[in-house]
Amino acid sequence: MTTKEYRTISQIAGPLVFVQKTEPIGYNELAIVRMPDGTEKKGQVLDTSDDFVVVQVFEGTAGIEKAAGVRFLGETMKMPVSKDMLGRILSGSGEPLDGGPAIIPDDRLEINGAAINPWARDSPSEFIQTGISTIDGMNTLVRGQKLPIFSGSGLPHNEIALQIARQAKVLGAQEEFAVVFAAMGITNEEAQYFMKDFERTGALKKAVVFLNLADDPAIERIITPRLALTTAEYLAYELGYQVLVILTDITNYCEALRQIGAAREEVPGRRGYPGYMYTDLASLYERAGRIKGKKGSITQIPILSMPGDDITHPIADLTGYITEGQLVAKRELVRAGIYPPIDVSTSLSRLMNEGIGKGKTRDDHKAVSDQCYAAYAEGKDLRGLVAIVGKDALSERDRQFLDFADLFEKRIVRQGRDEDRGIEQTLDLMWEILANLDESSLTRIDRKYIEKYHPKYKKA
Amino acid sequence: MANEGKIFRVAGPVVTAEGISPRMYDVILVGKEKLMGEVIKIVGDKVVIQVYEDTAGVAPGEPVINTGQPLVAELGPGLLGSVYDGIQRPLPELMSVMGDFIKRGVAAPGLDRKAKWQFTPTVKKGDKVEAGTIIGTVPERSVVHKVMVPPGVSGVIDDIKQGEFTVTDTVAVVSGKPIMMMQKWPVRYGRPFQKKTAPDEPLITGQRILDSLFPLTKGGTGAIPGAFGTGKTVTQQQLAKWSDAEIVVYIGCGERGNEMTEVLTTFPELEDPKTGKPLMGRTILIANTSNMPVAAREASVYTGMTLAEYYRDMGYNVALMADSTSRWAEAMREISSRLEEMPGEEGYPAYLSARLSEFYERAGRIVLADGRTGSISVVGAVSPPGGDLSEPVTQGTLRIVRVFWALDSKLRERRHFPAINWLTSYSLYSGSLDGWYKANVAEDFPELRNWTMELLQKEAELQEIVQLVGSDALPEEQKLTLEVSRLVRELFLQQNAYHKVDTYSPMARQYKYLKSIKMFNDYAQKAIEGDVSVDTIAKMKVRTKLQGSKLEENVDQILDSIIGGELAKEFETLGAK
């Protein structure tokens, strides 16, 4: 192992430090930069050759001068993990922020993680009840899924994430839950809001919190989610916890990624983001799932704010291609005073079919949700028409659909911040509003379910 | 030839070495852990290698070994039912060696060296053979595996054996050269063939909108572009499950781990609708999820194609699905940018469209030496950023493929699945397949198909008017067009992949659907001439019955009875009023 300190910095650019004439240094190896005044900063090797080594400094290069010394630790970055991390608040680079003692590690794990062998994965199929109708009824979350919230600035995505964290449960199961929360570049105020809620509900005891705030070095955001996910993997696969990971805000993470790309003078891809952003994001999101024969699981809810509410923005776009669906928060719904403002039309849960149906939720679930989707879409289309021709010009059938769309938003989408709806309740509510449509319009539902659950027959 | 050198530089998956003099695309073992890589550039005395595994911790000065061979696929009995990573390492094998996570530096052969296969010769001593001649058969899962003389070998059979052998045992001797069941072929080169021939038979998939309106041929090429969530993967999986190809190669290229797991868990449980045997018995899966090394992702489509070509050469119809070719293109971009190459459009390398055409050109139907044919049909999913079809990968693909299934997020939002837009999709094969449809489905099928397309076109025009004035303002005849096309959409075009009856529609049933809708239309037309309102027609019992038929077990019977008289009868009673 090399413990030599090099004083051969030749160039400092953005977050990068170039060191010359070193002995062979491994790719991704950890480095410590020591300032003449004795303070130290951590970094990682991005490029290594006989000629020079490029180090990316996590805490930013402010204050580094050419006279600073660089030491290479001979190993890649590792995260000390332990069961005692539950209830702790750590910085974006893993140092305690809560005044508590340093973490005594049970193990030290590689923060980049390895890919789960697809053969070893277990298919996610356990329904997680979040108590939010638009999720449970229409975009069901299952254990081991990664389901991001696509939001925009000023929308209540944090409230939604907190409500999910608070209410999430697997029906009929008594298992140990843990929340790993990684904040990247959020404001102090937002952080306080999260902390307060965690304390209010007692969730902090079962949580590990990583905080990289808006004024912390941007570059640290690259490692914050990796530390969080490494911790989550330890809790899930070693200790058997059912872990919910909340990552907020992915947009800030991607900005940091772009910053490094620019500093390295890489050829940029769309909107200046690096061409490897897909692979990089995948290396975070894919660390969700279940493994055959292991008790624990990792479910991920990344939050990202879409610049200009643009779902085709590279960050949202690439995320959508990796995650198993998305929950989209819509500004129009907020304006109409509806919380949670989840727009079901653009939302999707790809694993929904795995987690619903007989024995999991209820046999009619799929049919009812399909029917609501179709009817809501038709009703929304009609709103445009009504604006032009007026309600009177509509046929009876069309009027019913128009009313359905309104009812759907008011009865299904809207609910209280602390309202925890059971799945039965959600499905019954959906039937209730579907009953306002003509029975012949219910083309997505098998006859047997209509006879079993339609309020008209149910009462009889 | 210098076979051992040392590492000069490491930057992510791109490693520069010196002291070796390999050829382009030779496989190099990198570092102390012998990570597998491939030569992608030679500059002066330096060699640039893309490494298929994670390079963390690899340092300059570590050794590199030149294997002197390009990346090859192992071909022989045992491929079917396998699950490989991008460079043909069996995933179950990797799991037993490295545990639940993919670690590195583990080599695992593509074919099991210990398994024994029952070899039955089909030639005898003294027979003349050439490359591609079938010398024997082996039962492999649900198909007959044909052992062929490898490319580049020909002569006279000196010796041929019968019995149980491993893939590396000698089963024949051709002019002094021992032949084993396993052969190797470099993945980046197409396997040789004598002649290509035009495809004239559709690949039947049981998906109504595909088979009836936009058919793909055996040996044809198609693309499914669509924004995320529009159903590319479900469509690809439906094709893998239900298409009437004898062999299916499914490449999960840079896609989701959980989705791959779904394929891995559901496929073994499914039955081939034709043979009743497990579907896995005719399937090869290649899984390189988005967080597995990027260079192996780049190689995965070539590996899959080579396996497909091997079965094509035996005379089978092979369907190859690549999900998604955009991830493959991005892998190229990522490696290209690490090489600091001059980028083309949107950062993709300038050779992107050349690589895409090379890949799709490996599809096609070939004539074998004995006159039989074999084919590879390729369906590539494309994931255009932001659903924007003008981006380079979609455009590069559309220039080559002959079938375009356009996924539409508007349709998805109203849960119209498959969300394939019937106005923008096309199949350049549909005209040339008319003969086949007439001979194998019904004489009037092409006519019905054209009628359906016209109806949908007309509906689209009417919808524009409806958007302005509402449907009540339309004359009865146009209202009927809307009503009938709604029936086409809801009954025929929408198909539920998760419903056990609806997931697969045989060609004969597809015809019955169209036939009954057309009959409904014709009777209704007459009825409105007799002053029956469209509202009344829409509420007819037979209309509801037709609509509901597709979810019923006895759908064929229901359709038969509707066509056979039920429809006519109810319209008669309408007329009486």
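Residues numbered from 1 in each chain as written. Chains lettered and ligands numbered in written order. Predicted model: local features only at pLDDT ≥ 70, side-chain atom pairs only at ≥ 80, totals over all residues. Heavy atoms only, no water.

### Points about the overall build of chain A
How we decide: Each helix corresponds to a stretch of at least 4 residues labelled H or I by DSSP, and each strand to a stretch of at least 2 residues labelled E; elements are numbered beginning at the N terminus. Atoms counted for the radius of gyration: C-alpha only. Globule rule: 2.2 Å times residue count to the power 0.38. Exposed residues in this analysis have more than 50% of their type's maximum accessible area, buried residues have under 20%, and partly exposed residues fall in between, with area computed by a 1.4 Å probe over protein chains only.
Counting its secondary structure elements, chain A contains 14 helices and 22 strands. A compact globule built from 460 residues would reach a C-alpha radius of gyration of about 23 Å, and chain A, at 25 Å, matches this within 12%. When its C-alpha atoms are laid out on the principal axes, chain A stretches across 85 × 50 × 40 Å. A burial count over chain A gives 62% of its 460 residues as buried.

### Comments concerning the domain arrangement of chain A
How we decide: All domain edges in this entry derive from an automatic or database-based domain assignment.
Taken domain by domain, chain A holds domain 1 (5–76), domain 2 (79–353) and domain 3 (365–459). When each unit is reduced to the centre of its C-alpha atoms, the spacing between domain 1 of chain A and domain 3 of chain A is 61 Å.

### So, the pattern of salt bridges
Where charged atoms from two side chains of opposite charge approach closely, those side chains can pair. Note the cut-off: Whenever a carboxyl oxygen of Asp or Glu lies within 4 Å of a side-chain nitrogen of Lys or Arg, that contact is scored as a salt bridge.
Counted by the stated rule, this structure contains 84 salt bridges over all chains. Between Glu553(B) and Lys500(B) there is a salt bridge, with the nearest N and O atoms lying 3.3 Å from each other. Highlighted residues: Glu553(B) in the loop between α15 (541–549) and α16 (555–576) and Lys500(B) in the loop between α12 (476–493) and α13 (507–529), separated in sequence by 53 residues. The residues Glu553(B) and Lys500(B) share a single accessibility class, namely exposed. Shared partners join several salt bridges into a network, and the residues in it are Arg350(A), Glu255(B), Arg256(B), Glu259(B), Arg327(B) and Glu330(B).

### Here's the deal with the interface of chain A and chain B
What counts is decided by this rule: The contact definition used throughout considers only heavy atoms, calling two residues in contact when any of these lie within 4.5 Å. A 1.4 Å probe defines the accessible area here, and the buried area is the portion of it lost by two parts on being joined, summed over both. By the criterion applied in these results, polar contacts are pairs of N or O atoms within 3.5 Å in which, for protein atoms, one can donate a hydrogen and the other can accept it, and in which residues neighboring in sequence qualify only through two side-chain atoms. When DSSP finds two or more bridges between a pair of strands, those strands are recorded as paired.
Across the boundary between the two partners, chain A contributes 76 residues, which contact 75 residues of chain B. Between chain A and chain B the total buried area reaches about 6500 Å² when both faces are included, carbon and sulfur atoms providing 54% of it. Its largest share of buried area at the contact with chain B, chain A owes to Tyr27(A), Trp119(A) and Tyr321(A), together 12% of the area lost on that side. Linking chain A to chain B there are 5 salt bridges. Across the chain A-chain B interface, the total number found is 31 residue pairs in polar contact (both at pLDDT 80 or more). Examining the composition of the side of chain A that touches chain B, we find that 8 residues originate from one element, helix α10 (residues 365–389) of chain A, more than from any other. Bridge analysis of strand β5 (residues 40–49) of chain A against strand β1 (residues 4–11) of chain B gives 2 bridges, and the strand direction is antiparallel. When the sheet's bridge partners are listed, Thr48(A) is paired in β1(B) with Val10(B).

### Points about the sheet that holds strand β9 (residues 117–121) of chain B
Residue and element names in this part refer to chain B. Spelled out, the test is: Axis lines are fitted through C-alpha atoms, for helices just across the contact stretch, and the angle between N-to-C directions can take any value from 0 to 180 degrees.
As summarised here, the arrangement of the 4 strands in space is β12-β11-β9-β14, forming an open sheet in which the pairing is antiparallel. Two strands bound the open sheet, and with one partner strand each, they are β12 (143–148) and β14 (163–165). Pairwise comparison of adjacent strand axes, ignoring direction, gives a mean angle of 40° for this sheet. Sheet topology note: the strand β11 (residues 134–140)/β12 ladder contains 6 bridges and is antiparallel. Bridging from a neighbouring strand, Thr-137 pairs with Lys-146 of β12.

### Brief notes about the packing of aromatic side chains
The geometry of an aromatic ring pair is captured by two quantities: the separation of the ring centres and the angle between the planes. Put simply, the test is: The rule is short: rings of Phe, Tyr and Trp, with Trp giving its six-membered ring, pair when the centres are within 6.5 Å, and they are stacked under 30 degrees, edge-to-face over 60, tilted in between.
All told, the structure shown has 23 aromatic pairs over all chains when counted by the stated rule. Seen in terms of ring centroids, Trp431(A) and Tyr453(A) are 6.4 Å apart; in terms of plane orientation they differ by 25°. Their pairing is stacked. Of this pair, Trp431(A) sits in helix α12 (residues 423–434) while Tyr453(A) sits in helix α13 (residues 447–453), and the two are 22 residues apart along the sequence. By the burial criterion, Trp431(A) is buried, and Tyr453(A) matches it. Arranged with centres 5.5 Å apart and planes meeting at 80°, the rings of Tyr310(B) and Tyr311(B) form a pair that is edge-to-face. By relative accessible area, which is 0% here, Tyr310(B) ends up buried.

### Points about a negative patch on the surface
Rules: Two joining distances apply to patches: 9 Å for like charges and 5 Å for nonpolar side chains (Val, Leu, Ile, Met, Phe, Trp, Tyr), and every residue must have over 30% relative accessible area and no salt bridge. To measure how exposed things are, a 1.4 Å probe is used in the Shrake-Rupley method; for residues, cover is taken only from the protein chains shown. Positive charge is attributed to Lys and Arg, negative charge to Asp and Glu, and no charge count is given to His or to the chain ends. By convention, the charge on Lys lies at NZ, on Arg at CZ, on Asp at CG and on Glu at CD.
Where like charges cluster on the molecular surface, the negative patch consists of Asp84(A), Asp106(A), Asp107(A) and Glu238(A). Inspection of the secondary structure puts Glu238(A) in helix α4 (residues 224–238).

### Some details on the nonpolar core
Residue and element names in this part refer to chain B. To be explicit about the condition: Here the nonpolar core consists of buried residues drawn from Ala, Val, Leu, Ile, Met, Phe, Trp, Tyr and Cys, with membership extended through side-chain atoms lying within 4.5 Å.
In this structure, Ile-209, Leu-285, Trp-405, Leu-493, Ile-517, Ile-537 and Phe-571 are the most contacted members of the largest nonpolar core, which totals 79 residues. By residue number, the principal contributor to this core is α13, which donates 10 residues. Viewed by domain, this core spans two of them, domain 2 (79–84 + 194–426) and domain 4 (441–573), each represented by three or more residues. The residues touching Phe-571, leaving out its near neighbours within four places in the chain, are Phe-520, Tyr-523, Ala-524, Ala-527, Ile-537 and Met-540.

### Quick look at the domain arrangement of chain B
What the domain assignment reports for chain B is domain 1 (4–70), domain 2 (79–84 + 194–426), domain 3 (114–180) and domain 4 (441–573). Computed over C-alpha atoms, the centres of domain 1 of chain B and domain 4 of chain B are 63 Å apart.

### Re the sheet that holds strand β15 (residues 169–170) of chain A
Residue and element names in this part refer to chain A. Here we have 3 strands laid out as an open sheet, ordered β13-β12-β15, and antiparallel in their pairing. Each end of this open sheet is capped by a strand with a single partner; those strands are β13 (141–142) and β15. Two strands pair when backbone bridges link them, and strand β12 (residues 127–129) and β15 are joined in this way by 2 bridges, in the antiparallel orientation. Note on β15: the bridge partner recorded for Gln-129 is Lys-169.

### Focus on α4(A)
All names here are of chain A. Going by this rule: In a helix, the anticipated span is given by 1.5 Å times the number of residues less one.
With 15 residues, α4 extends 21 Å from end C-alpha to end C-alpha; this agrees with the ideal 21 Å at 1.5 Å per step. Most of α4 is tucked away, with 14 of its 15 residues classed as buried. Once α4 finishes, Gly-240 follows within two positions and takes phi at roughly 80°, a positive value.

### Side note on the pairing of strand β3 (residues 26–30) of chain B
Regular strands place their side chains on alternate faces of the sheet. All names here are of chain B. Among the 5 residues in β3, 4 count as buried, and that is most of the element. In the sheet, β3 pairs with strand β4 (residues 35–43) via 4 bridges, with the strands oriented antiparallel. Along β4, the bridge assignment pairs Val-30 with Leu-35. Turn length for the β3-β4 hairpin, with the two strands adjacent in sequence and antiparallel, is 4 residues, and the turn residue Gly-31 shows positive phi of about 80°.

### Here's the deal with unusual backbone geometry
Residue Pro340(A) is reached from Tyr339(A) by a cis peptide bond, and omega for that bond is -10°. Within the secondary structure, Pro340(A) is located in the loop between α8 (331–335) and β22 (348–349). Cis geometry is adopted by the peptide bond preceding Ser324(B), which originates at Asp323(B) and carries an omega value of 5°. By the secondary structure assignment, Ser324(B) is in the loop between β22 (317–323) and α6 (325–338). A positive phi angle, near 55°, is found at Asp309(A), a position not held by glycine. The topology assignment puts Asp309(A) in the loop between β20 (297–305) and α7 (314–322).

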